[in-house]
Structures are given as structure tokens and as C-alpha cells.
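A look at the structure
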Amino acid sequence: DLMVHFHGEGRWQEANVERAKLNVAVVSINLGMGTDPYSNTFRNPEVFDRLLADVQTEVTKDGRAGQTPKLHRLALSAWSAGFSSVSRVMSVMPDALADKVDAVLLADGFFTNFTDPKRRTVNRDGLARFVKLAEQARKNEKLFSITHTTIPTGPYPSVQECVGTLLELQHLERKQCSIDGPRPKMHQFYTVDDGSFHIRGFQGVRASDHVRQLHAMGETTYPYLKSRWEKQDAEAATAR
């Protein structure tokens with residue numbers, strides 16, 4: 001099982017994985033600031049293929065996965081601008097590999113553009129592949145989890161606006177709540193749960209609030225992955 005995480009220091013992802021007690025190989029990719037490096041790097045599908053080949057080589061050399069390890073399940077994880085890599089990879093990968101993507105986990109990173117900037121009308125076509133993913137997750141075919149803050153944006157839609165559009169397209173309503181988050185100064189104000197589709201909205205408009213979304217992935221999104229994969233493994237063992 002492999003998790004590929006985009007954006008955020010590797011030490012933070014190591015801590016998140018350890019807190020969630022995930023038994024996975026993890027690749028952490030950092031390409032600088034802004035969305036362009038994360039989007040442009042993976043325009044060619046061969047780039048992600050080479051990444052997986054390199055992982056295969058390293059895992060084989062490590063030896064802990066057995067003599068001939070093979071990629072089983074794949075999770076794509078991202079914080080902030082790293083979402084651009086997830087979006088790009090999902091748009092160019094072949095169907096056979098897309099089938100292996102069992103989970104997409106996003107922390108304060110879910111973007112598209114406006115069709116009408118003056119009215120702040122979110123481009124729904126730009127979210128099409130994630131509308132499909134949400135539909136699959138609601139049927140428990142995939143796992144799709146998003147957390148976000150309320151940080152406002154100027155010339156492009158905020159994560160909150162994009163998530164709101166996704167919920168409109170899914171005809172899902174938020175369940176209002178008032179819950180202290182897993183980290184200090186994190187306050188959750190709504191939740192959405194339908195099958196394996198999960199959204200958590202947190203108050204916060206500062207850069208520090210944005211960073212906390214990354215640091216808290218071990219408590220917010222990764223536990224869903226642990227639970228899902230453990231359940232799948234148990235069902236597979238029972239079937240045998």
C-alpha cells in the first residue's frame with residue numbers, strides 16, 4: 001500500500017502517518033510555493049509512472065515488503081497547493097492505475113477557477129472528476145475526504161467556495177456543529193458524512209490556521225484511510 005503526499009515537509013507527514021498508525025509506504029513530494037510547479041510537473045503521465053517505478057525499486061531494496069512486492073492500493077494526499085498535483089495526476093493517469101487509487105485525502109486544498117469572477121461563480125466543469133469521485137465515495141467505492149478553513153481569496157475561488165459548489169452538485173447539506181478540533185485553535189463548524197465521503201469545515205482565516213490543516217491530517221483524514229483499509233483486509237481474509 002502506498003500513499004503519495006504532495007506539499008508539506010516530510011517530517012510532518014511522517015508524524016501524521018505515525019499518529020494514524022497507517023501501515024503504508026509514503027512518498028512526500030515538495031516542489032516549492034504556488035500551484036504551478038505542482039500542476040506542471042505532472043503534465044506528462046510518464047512522470048508519475050517513473051515515480052511509482054522509483055518507489056518499487058526502493059521498496060524492493062528495503063526488503064520489508066517481501067521479495068517481490070507489488071503495488072496494492074494507492075492513496076493520494078495533499079495540502080494546499082499540492083492539490084494541483086492530485087488534480088493533474090488524476091486527469092492524465094491511465095484507467096488501470098486510476099482503479100488502484102482507492103483514496104484522495106485533501107487538507108485545505110481544493111481549487112478551480114471562476115466562470116464569472118464578478119459574481120464569484122465557480123467553474124463546475126473544473127470539478128467534474130471530483131464530482132465523480134464524490135459519487136463513488138458515497139457508494140463506498142472510493143474514499144474522499146476534505147478539510148478546509150474559511151480563508152478568503154481574491155481572484156480565484158476559496159477552498160470553502162469550491163467545497164460548497166461540490167456539495168451543491170451532490171445535493172448534500174452540511175450538518176452544523178461546534179466542536180473543538182484535534183489541535184489547539186482548531187474549531188469545527190460543520191460536517192458532511194455520506195458513505196466514504198467526508199468533509200470537515202473549520203473556522204480560521206490566518207496562515208497559521210492553514211498550516212494546522214496539514215499538521216492535523218493524522219487526526220482528521222488519515223483515520224478514515226486506516227479504518228477503510230483494515231476493513232478491506234479483514235473482509236479479504238474472511239473470504240479466503
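Quick note: structure is the one above.
The following refers to the structure shown. Owing to the predicted nature of the structure, the values given are computational and were not obtained by experimental measurement. (Residues numbered from 1 in each chain as written. Predicted model: local features only at pLDDT ≥ 70, side-chain atom pairs only at ≥ 80, totals over all residues. Heavy atoms only, no water.)

1. Here we look at helix H4 (residues 83–92)
For H4, the full list of buried residues reads Phe83, Ser84, Ser85, Val86, Ser87 and Val89. Tucked inside the fold, the buried residues of H4 contact strand S1 (2–6), helix H2 (36–40), helix H3 (45–62), strand S3 (74–79), strand S4 (101–107) and helix H6 (128–138). (Buried < 20%, exposed > 50% of the residue type's maximum accessible area, 1.4 Å probe, protein only. Helix = DSSP H or I, 4+ residues; strand = E, 2+ residues; numbered from the N terminus. Contact = heavy atoms within 4.5 Å.)

2. Looking at the pattern of salt bridges
Between side chains of opposite charge, a pair can form when the charged atoms approach closely. Counted under the stated rule, the structure contains 15 salt bridges. Taking the shortest distance from any N to any O, the salt bridge between Glu219 and Arg183 comes out at 3.8 Å. Placement of the pair is Glu219 in helix H9 (residues 217–220) and Arg183 in the loop between strand S8 (175–180) and strand S9 (187–194), with a sequence separation of 36 residues. For Glu219, a relative accessible area of 32% corresponds to the partly exposed category. (Salt bridge = Lys/Arg side-chain N within 4 Å of Asp/Glu carboxyl O.)

3. Digging into the nonpolar core
Ranked by internal contacts, the top residues of the largest apolar core, which has 46 residues, are Phe6, Phe48, Phe110 and Phe144. Look past the residues within four positions of Phe144 in its chain and what remains in contact with it is Val104, Leu106, Phe110, Phe130, Leu133, Ala134, Ala137, Leu166, Ser196, Phe197 and His198. Counting residues in each nonpolar core, the second largest holds 16 residues, with Val24, Trp79, Ala107 and Tyr222 among its members. (Core = buried A, V, L, I, M, F, W, Y, C linked by side-chain atoms within 4.5 Å.)

4. Considerations on H6
Within H6 the residues assigned to the buried category are Phe130, Val131, Leu133, Ala134 and Ala137. Seen along its axis, H6 keeps its buried residues to an arc of 160 degrees; they face one direction. Buried residues along H6 sit against H4, S4, strand S7 (143–148), helix H7 (159–170), S9 and strand S10 (197–202). (Arc of directions from axis to C-beta.)

5. Notes on the pairing of S3
Of all six residues in S3, six are buried; the element is thus mostly enclosed. Of the strand pairs in this sheet, S1 and S3 are connected by five bridges, and their pairing is parallel. Bridge pairing links His5 to Ser77 in S3. In the sheet, S3 pairs with S4 via six bridges, with the strands oriented parallel. Note that in S4 the partner of Ala75 across the bridge is Ala103. (Pairing = 2+ DSSP bridges.)

6. A word on the packing of H6 against H7
Angle between the axes and distance between the axes: these two values describe a pair of packed helices. Running from N to C, H6 and H7 point in directions that differ by 60 degrees, and their axes come no closer than 10 Å. Considering the angle they form, H6 stands oblique to H7. Here the hand of the crossing between H6 and H7 comes out right-handed. Two secondary-structure elements touch here, H6 through Phe130, Val131, Ala134, Glu135 and Arg138 and H7 through Leu166, Leu169 and Gln170. Classifying every residue of the contact of H6 with H7 by side-chain character gives five nonpolar, one polar and two charged. (Axes fitted to C-alpha atoms, helices over the stretch in contact; angles between N-to-C directions. Parallel < 35°, antiparallel > 145°, perpendicular 65-115°, else oblique. Left-handed = near helix turned anticlockwise from the far one by under 90°. Nonpolar A, V, L, I, M, F, W, Y, C, P; charged D, E, K, R; others polar.)

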